[in-house]
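An overview of the molecular structure
Spelled out, the chains give:
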Amino acid sequence: MSIVPRALALAAIVAAGHASAAITLFSHDDFHGRRVTLVQPAPDFRDFNFNDRASSVIVENEPWEVCQDVGFRNRCAILVPGEYPNLAAVGLGDQLSSARPAHREP
């Protein structure tokens, strides 16, 4: 087996392991506009030009912690799995700057 197929196989396994928790951010209400899907912590949304742009969110499988400031600081909230068509309705519209899977107690 050459290095490229091994690398692709390893990447698929790693991605599958992280796929249990995902959050998709949308730039407009009702899941419209530009979208970004996260499967691992994102401490700074400026890295992918999405700072203060999320207007709606879909959380899959596991809760996510979303925060107003980079580095998981300032006001944070836990979003349980589900659809959030209007983040402004819960006081978070166009204010998010970081997100990570929420810690689960054993």
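Let me begin by describing the structure that accompanies this report. (Residues numbered from 1 in each chain as written. Predicted model: local features only at pLDDT ≥ 70, side-chain atom pairs only at ≥ 80, totals over all residues. Heavy atoms only, no water.)

Before going further, it helps to examine the overall build of the protein chain. Per the secondary structure count, the protein chain includes one helix and seven strands. Overall, the protein chain shows an N-to-C arrangement of helices and strands of α-β-β-β-β-β-β-β. Buried positions account for 33% of the 106 residues belonging to the protein chain. Entry remark: accessible area of the protein chain is about 6,300 Å², with carbon and sulfur atoms responsible for 55%. (Helix = DSSP H or I, 4+ residues; strand = E, 2+ residues; numbered from the N terminus. Buried < 20%, exposed > 50% of the residue type's maximum accessible area, 1.4 Å probe, protein only. Areas by Shrake-Rupley, 256 points an atom, 1.4 Å probe, with all protein chains shown as cover.)

Applying the stated criterion across every chain yields a total of two salt bridges. We note a salt bridge from Glu-65 to Arg-100, for which the minimum N-O separation is 2.6 Å. One end of the pair, Glu-65, is in strand E4 (residues 64-69); the other, Arg-100, is in strand E7 (residues 98-101), and 35 residues separate them in sequence. Here Glu-65 falls in the buried class, since its relative accessible area comes to 16%. (Salt bridge = Lys/Arg side-chain N within 4 Å of Asp/Glu carboxyl O.)

This part takes up the sheet that holds E7. Strands sit in the order E5-E4-E7 across an open sheet of three strands; the sheet is antiparallel. Because the sheet does not close on itself, it has two edges, and the strands there are strand E5 (73-79) and E7. Averaged over neighbouring strand pairs, the angle between their axes works out to 20° when direction is ignored. Sheet analysis places E4 next to E5, joined by five bridges and oriented antiparallel. The residue of E5 that forms the bridge with Asp-69 is Arg-73. (Pairing = 2+ DSSP bridges. Axes fitted to C-alpha atoms, helices over the stretch in contact; angles between N-to-C directions.)

Under the defined criterion, the tally for this structure stands at one disulfide. Disulfide partner of Cys-67: Cys-76, at an S-S distance of 2.1 Å. Around the S-S axis, the bridge from Cys-67 to Cys-76 shows a dihedral of about 110° and counts as right-handed. Of the residues examined, Cys-76 reaches a relative accessible area of 30% and is grouped as partly exposed. (Disulfide = S-S within 2.5 Å.)

Here we take up the nonpolar core. By size, the foremost hydrophobic cluster in this structure holds 19 residues, and its most contacted members are Ile-23, Leu-25, Leu-38, Phe-45 and Val-57. Taken together, the elements giving at least two residues each to this core come down to strand E1 (22-28), strand E2 (32-38), strand E3 (56-60) and E4. For Ile-23, the contacting residues outside a window of four places in its chain are Val-36, Thr-37, Leu-38, Val-57, Ile-58, Val-59, Trp-64 and Val-66. (Core = buried A, V, L, I, M, F, W, Y, C linked by side-chain atoms within 4.5 Å. Contact = heavy atoms within 4.5 Å.)

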